[in-house]
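A structural walkthrough
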Amino acid sequence: MSFKLSGRAGEIDDEVFRIALGLPSDVLKLTAGEPDFPSSDFVNSAANASIGRGETHYTNPSGIPELREEIAGKLRKENDLSYSAEEIVVTPGSSPGIWLLMFALADRGDEILIPDPAWFHYSVLARLAGCVPKRLPLKKENGYRISAADIEELAGKKTKLMIINTPSNPTGRVMGREELSEIAAAAENSRMYVVSDEIYEKIVYPPHRHVSLASLPGMKERTIVVNGLSKGYAMMGWRIGFTASSAELASKLSSLLGYTMVCASSVSQNAAVEALRNRKSEEYARMMVEAWSRRRDLVIKAVKGSDGLIDMIPPDGAFYAWMNVSSSGMDGKTFASRLLKERKVGVLPGYLFGDTGRDFIRISFATSDDVVSEGMERIVDFIRSQSTAAKWAPSSTAGKAE
Ligand SMILES: Cc1ncc(COP(=O)(O)O)c(C=O)c1O
């Protein structure tokens, strides 16, 4: 018997899960959206101790007080942001937090401004919240920067929220103060709130630095910070995220969370307290970022070696590389599917991240040095075999990998 799906469920694209979960074991996977490291020993021990103490009950939907205090402390120390524990809500990963915020701040039919390209969850979550995702195209010529003019051109009366993500999935761009100031000014002029997804904040490559939009003058009132422990602490499966907003909004988010997700796992919350308290977390993050920095260098080197066939701006942060592969004569979807079949390398087609991603693929270098090197070698070899002088002539800017 087959179940007749609702229109809502029917319109959700399952492609990304089909690709990522369906890759056979002999494929080199450059698809992972998560650290290739396990959570640290001291976090694991803290979880065991928590179970031993019987901390296995429901918690307050907003999270346990110790964790909310630790998060407020982290925001003060690391992000120059002053929030009290009542303004923090612990969510089961940051992704549900984004959905709760859309639900709490935008009505049915309201628009949510989402950069294009951007992480595919945003537009799906917007639709699930009954809203209309409105895409803001980012251009390579502008280094994928968002300008105030771009925002003001698109934002209308129905635009309630904008999502930004720095460092970005998929471009790897880190927004500097200047760009954030433009976004701040445009948000104010358009009377919009901004959800600032900072999940990759700890993964930045020198000389770049992460700056939170909420730390800009006057922006705390307009910004909701979303972050979590999945990437910087390698705690993906623990499902701990958080939002920082106002006490009033936090209280509403807490009720919405209480009715839907009930609470984040009690054991994970206690492990997260240890992750935030223990100074060894900094060393752990440094160790991971060093590894990703080395792999980023491998990717840049391979792209340089493609003699301009792959066009890419090197990532400033996160562990993704966003590559234009149009010199192959194929769009990103065909390229990714043939690369998988013919060279056994798994990458994500760029269209999943928005219409501007049509000619792109996204690779993740959160995997071993060997897989990154071999995978990139096969990608370059494949694109070389497909590109003919007739289809494509090198330009002076293509493939610049500085
Ligand atoms: C941009 C971005 N935000 C949020 C998340 C979600 O992280 P989590 O729900 O594990 O906190 C991801 C995961 O890939 C992401 O890429």
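Cut-offs used in this document
- Residues numbered from 1 in each chain as written.
- Predicted model: local features only at pLDDT ≥ 70, side-chain atom pairs only at ≥ 80, totals over all residues.
- Heavy atoms only, no water.
- Domains from an automatic or database assignment.
- Contact = heavy atoms within 4.5 Å.
- Buried area = accessible area lost by both parts, 1.4 Å probe.
- Near = heavy atom within 4 Å.
- Polar contact = N/O pair within 3.5 Å; in protein donor to acceptor, adjacent residues only side chain to side chain.
- Areas by Shrake-Rupley, 256 points an atom, 1.4 Å probe, with all protein chains shown as cover.
- Nonpolar A, V, L, I, M, F, W, Y, C, P; charged D, E, K, R; others polar.
- Core = buried A, V, L, I, M, F, W, Y, C linked by side-chain atoms within 4.5 Å.
- Buried < 20%, exposed > 50% of the residue type's maximum accessible area, 1.4 Å probe, protein only.
- Helix = DSSP H or I, 4+ residues; strand = E, 2+ residues; numbered from the N terminus.
- Expected span 1.5 Å × (residues − 1).
- Arc of directions from axis to C-beta.

Here we take up the domain arrangement of the protein. How large an interface is tends to be reported as the accessible area lost when its parts come together. Domain boundaries assigned for the protein yield domain 1 (7–39 + 282–385) and domain 2 (54–278). Placing a centre on the C-alpha atoms of domain 1 and another on those of domain 2 gives a separation of 25 Å. Between domain 1 and domain 2, the residue contacts involve 36 residues of the former and 36 residues of the latter. Both sides together, the interface formed by domain 1 and domain 2 hides about 3,000 Å², and carbon and sulfur atoms give 62% of it.

In the vicinity of the ligand there are 14 residues, among which Asp197, Tyr200, Ser230, Lys231 and Arg239 approach most closely. For the ligand, a nitrogen atom lies 2.6 Å from a polar atom in the side chain of aspartate 197. A distance of 2.7 Å separates an oxygen atom of the ligand from a polar atom in the side chain of arginine 239. Out of a free accessible area of 390 Å², the ligand has 92% covered by protein chains. Residues that form the shell around the ligand fall into these classes: 4 nonpolar, 7 polar and 3 charged.

Counting 57 residues, the largest nonpolar core has Met102, Ile112, Ile146, Ile151 and Ile164 as its most contacted members. When residues of this core are sorted by domain, at least three fall in each of domain 1 (7–39 + 282–385) and domain 2 (54–278).

Helix length check: helix H13 (residues 369–386) (18 residues) gives 26 Å between terminal C-alpha atoms against 26 Å at 1.5 Å per residue, within 8%. Every buried residue belonging to H13 is among Val371, Val372, Gly375, Met376, Ile379, Val380, Phe382, Ile383 and Gln386, and all of these are buried. Seen along its axis, H13 keeps its buried residues to an arc of 160 degrees; they face one direction. Facing away from the buried side of H13, by more than 90 degrees, are the exposed residues Asp370 and Glu377. For H13, the elements touching its buried residues are strand S1 (28–29), helix H11 (280–304), strand S10 (320–324), helix H12 (332–343), strand S11 (345–346) and strand S13 (360–364).

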